[in-house]
Amino acid sequence: MIEVTNITRTYRIGESSVNALNGVSLKIAQGEFVAIMGASGSGKSSLMHILGLLDVPDTGEYRLMGREVSRMSEDELAGIRNNVAGFVFQQFHLLSRMSTLDNVMLPSIYSSESGDVRSKAQQCLEMVGLGHRAEHRPNQMSGGEQQRVAIARALVREPMLIFADEPTGNLDSRNSHEIMRILSELHAKGKTIIMVTHEQEIADYAGRVITMKDGKVLEDRRKADSTASARVSADLLDVAKLPLFQPGRIYGFVVQAFRSIVSNKIRTLLSVLGILVGVASVIAMMALGSGAKASMEEQLKSMGSNLLSVRGGSAKIGGAAQGTGTVTRFTVKDAEAIAELTPLVRRVSGTVSGSAQTVYMDKNWSSSVDGVDFDYGKMRAAEPSIGRWFTREEIQGREKVAILGTTVVKELFGSANPIGRIVKVNRINFQVIGVAPAKGSNGPRDQDDVVIVPVTTAMYRVLGKDYLDGIFVEVSSAENIESAKSAIDVLIRKRHKLRASDDTSFNIRDMTQFQQMLSSTTQTMSMLLGSIAAISLVVGGIGIMNIMLVSVTERTREIGLRKAIGARKSDIMMQFLIESIGMTLSGGIIGVLVGIGVSVLLSTFAGWEVRTSPLSVLLATTFSVLIGLFFGLWPAQKAASLKPVEALRYE
Ligand code: ADP
Ligand code: MG
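Quick notes on the rules
Residues numbered from 1 in each chain as written. Chains lettered and ligands numbered in written order. Predicted model: local features only at pLDDT ≥ 70, side-chain atom pairs only at ≥ 80, totals over all residues. Heavy atoms only, no water. Phe/Tyr/Trp six-rings, centres within 6.5 Å; stacked < 30°, edge-to-face > 60°. Helix = DSSP H or I, 4+ residues; strand = E, 2+ residues; numbered from the N terminus. Buried < 20%, exposed > 50% of the residue type's maximum accessible area, 1.4 Å probe, protein only. Lys NZ or Arg CZ within 6 Å of the ring centre and 35° of its normal. Lys, Arg positive; Asp, Glu negative; His and termini not counted. Salt bridge = Lys/Arg side-chain N within 4 Å of Asp/Glu carboxyl O. Polar contact = N/O pair within 3.5 Å; in protein donor to acceptor, adjacent residues only side chain to side chain. Contact = heavy atoms within 4.5 Å. Pairing = 2+ DSSP bridges. Axes fitted to C-alpha atoms, helices over the stretch in contact; angles between N-to-C directions. Arc of directions from axis to C-beta. Near = heavy atom within 4 Å. Areas by Shrake-Rupley, 256 points an atom, 1.4 Å probe, with all protein chains shown as cover. Parallel < 35°, antiparallel > 145°, perpendicular 65-115°, else oblique. Left-handed = near helix turned anticlockwise from the far one by under 90°. Nonpolar A, V, L, I, M, F, W, Y, C, P; charged D, E, K, R; others polar. Patch = residues over 30% accessible without salt bridge, like charges linked within 9 Å, V, L, I, M, F, W, Y side chains within 5 Å.

A. Structural detail: the packing of aromatic side chains. Applying the stated rule across the entire model yields seven aromatic pairs. Taken together, a centroid distance of 6.1 Å and an interplanar angle of 45° make the contact between Tyr-110 and Phe-253 tilted. One end of the pair, Tyr-110, is in the loop between α3 (100–109) and α4 (117–127); the other, Phe-253, is in helix α8 (residues 247–263), with 143 residues separating them in the sequence. For the residue pair Tyr-110 and Phe-253, the accessibility class agrees, reading buried in each case. For Arg-329, the ring lying beneath its charged end belongs to Tyr-467, and the centroid distance is 4.1 Å.

B. Local environment of the side chain of Asp-165. Structurally, the position occupied by Asp-165 is in strand β7 (residues 161–165). Of the side chains with opposite charge, Lys-44 comes closest to the buried, unpaired Asp-165, at an N-O distance of 7.1 Å. Here the side chain of Asp-165 touches Ser-45 through a polar contact of 2.9 Å, side chain to side chain. With residues near it in sequence (within four places) discarded, Asp-165 still touches Ser-45, Met-48, His-49, Val-88, Phe-89, Gln-90 and Val-196.

C. Region of the structure containing the sheet that holds strand β6 (residues 85–88). Reading across from one edge, β6-β7-β8-β3-β9-β10 is the order of the six strands in this open sheet, with mixed pairing throughout. Of all strands in the sheet, those with a lone pairing partner are β6 and β10 (216–222), marking the two edges. Across the sheet, the axes of successive neighbouring strands diverge by a mean angle of 15°, strand direction being ignored. Where strand β3 (residues 33–38) meets strand β9 (residues 208–213), five bridges bridge the pair, whose relative direction is parallel. What sits directly across from Val-34, in β9, is Arg-208. Here helix α6 (residues 173–188) sits on the sheet and contacts β3, β7 and β8 (192–196); the angle it forms with β8, its principal contact strand, is near 150°.

D. How the structure looks around α4. All of the buried residues along α4 are Val-117, Lys-120, Ala-121, Cys-124 and Leu-125. Axial view of α4: buried residues confined to an arc of 145°, hence all on one face. The elements touched by buried residues of α4 are α3 and α5 (143–155). Immediately beyond the C-terminal end of α4, within one or two residues, lies Gly-129, with a positive phi of roughly 75°.

E. Inspection of the pairing of strand β1 (residues 2–13) at higher detail. Relative to strand β4 (residues 59–64), β1 runs antiparallel, the two being bridged by five bridges. If you follow Glu-3 over to β4, its bridge partner there is Arg-63. Relative to strand β2 (residues 16–28), β1 is paired through ten bridges, and the arrangement is antiparallel. Each bridged residue has a counterpart across the sheet, and for Val-4 the counterpart in β2 is Leu-26. Counted along the chain from β1 to the antiparallel partner β2, the turn is two residues long, and its residue Gly-14 has a positive phi close to 60°.

F. The arrangement of the site of ligand 1 in detail. Taken together, 13 residues form the shell around ligand 1, and within it Gly-41, Lys-44, Ser-45, Ser-46 and Arg-649 come nearest. Between Ser-42 and ligand 1, the recorded distance is 3.3 Å, taken from a backbone N or O atom to an oxygen atom. Between Ser-46 and ligand 1, the recorded distance is 2.5 Å, taken from a side-chain N or O atom to an oxygen atom. For ligand 1, whose unbound accessible area comes to 560 Å², protein coverage reaches 71%. Contributing elements (two or more residues each) for the shell around ligand 1: β1, β2 and α1 (44–51). For the shell around ligand 1, the leading source of residues is α1, giving three residues.

G. How the structure looks around the packing of helix α19 (residues 569–606) against helix α20 (residues 614–640). At a minimum axis distance of 7 Å, the contact between α19 and α20 shows a crossing angle of 150°. Accordingly, the angle class assigned to the pair α19 and α20 is roughly antiparallel. For α19 against α20, the interelement crossing comes out right-handed. Its residues assigned to classes, the contact of α19 with α20 comprises 15 nonpolar, eight polar and one charged.

H. View of the pairing of strand β23 (residues 470–475). Counting buried residues along β23, six of its six residues qualify, which places the element largely inside the surrounding structure. Burial of β23 is two-sided: the residues Gly-470, Phe-472 and Glu-474 facing one way and the residues Ile-471, Val-473 and Val-475 facing the other way are all buried.

I. Main features of the sheet that holds β4. Taken in spatial order, the four strands line up as β2-β1-β4-β5 in an open sheet, and their pairing is antiparallel. What marks the edges here is a single partner per strand, and that holds for β2 and β5 (67–68).

J. Representation of a nonpolar patch on the surface within the structure. Taken together, the side chains of Ile-266, Leu-269, Leu-270, Leu-273, Val-277, Ile-590, Val-594 and Val-598 present a nonpolar region at the surface, about 680 Å² in accessible area. Those elements that provide at least two residues to the nonpolar patch are α9 (265–271), α10 (273–303) and α19. Structurally, Val-594 can be placed in helix α19. For Val-594, a relative accessible area of 36% translates into the label partly exposed.

Shown next, in the form of structure tokens:
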């Protein structure tokens, strides 16, 4: 069954080297119970590791069931470790995070086995007399019990071969004999057992004792009654080649990743914080962006169509005038002159604005006050839904009548009807004649927080101005916008005696310009926020990579053990990738919730319009998965390429 010829193994540590095996040759038949003895350092473990496929010899041949081991691929070797051999270590190597039963089941997740692996593991536990301890953790049990669990784990895949490297080395004599009794029973059932020990008493259980010294076989002695039973079944090495994405296996990895994440809650939370913040800001940013866009569109609609705005000063961005030239002050006569530009112009309204203190009974509210002309109501869709608009006479006569925005109504009257009531605007009595239709907010500015009065009243009674702040012009049709603009331009230059080169003292804007300006600011904002979010995602990813590297180092022995019981490179890789994706994904999901929460807070407390789009949620989630994949790849790769023996020896 096992045939090694002349194998050597040399360890190099820097300059020096140790010849652990110096040409070992031996044959072991199926059904034998072999004890390997020898002084410490004589090469017993080195030989065992090679026989158990955890290590490879430097020179020499190793044939397992007639096949040359050095020609097998890594995956084939893993398959044999899983299906043909079971390893029992002196240090037990149980995973402390899992229950006893899960430890015993562990080799099954690396196999193609699909049946009821749980009850099989339970049977194996019962076989070693620990059926009642299935839910205990390894650290809640004695050394002897732990070793029996390790034996159960070695048995669960029903291997032909059992390797045991000083299985009783850490146990007292009563437990030692209990372990040996179990191994003898297994031998009686036909298993081939190869065991290392340095105690004669333990070696006496075996039918054949091989003594080693300085990396060579010193003596090979058989007991008379030793049995080398049974024939070799030919298909033993026919290791099933498993597909990489086997659902049962993936499920096992997901469960383990979840366990590992849950067992390190704080650490996981801290390391996914970057992803969380990144995703949350992506969500909040996109919600803000589309909210701003939606309210902008809403606002453009309520602005009216084919509208021009003529204002003093150069083009304003964000309220700050650029340039230092003189500012044209428009008069009512200017507005009237523009109105005469028929048929280009349909309606005109001069406007003034300022702020005012409005008082009703004991309530007191400060808001903006807009003075507007008769046509303004139609042009800007401002005609009241409750009450009525101003008459031309009221406007000409500087009457003290007011239309209140919904916010002002709410603050001063609550739910009472304000029509016909008298309010004081800057200490002057006004009669309320209507409530303006709600327009919503434009960014942080509440457009309903306004008192609308006749332009003449506003100029001469409330604000004390003798000029207009601006003139709104409704052009007769969209095609006429450009010609209307130039006609108004010529008219104003003529009336105010401006030079043709002077383009800072007034400006004419049409709606498309507003639209462009608004969308370009929103775009710049989104890009800025987007890059902050991206940076935080990358930083978060590096955090994940860091924690995964720590986790790989911390769990080196676990990885060694997993490989020893048959995990392939791809299995280890997948396990760590699933873990890192699990982390980033959970960070992403919490981030989505936080992002939505922040958007809701912004809309309720700051009054900003936000719209969380399903697309942004999808995008952020996908992104966090990709980050887990990308930044988990290197640590996973590092874990997967560890050699089983070296990993097991890691302290
Ligand atoms: P045994 O199990 O019989 O005590 P080992 O096979 O563990 O002996 O070791 C044989 C020799 O090889 C010892 O001298 C030991 O120091 C050396 N050795 C074992 N493993 C390593 C290693 N990974 N690196 C360097 N030297 C090693
Ligand atoms: Mg040893």
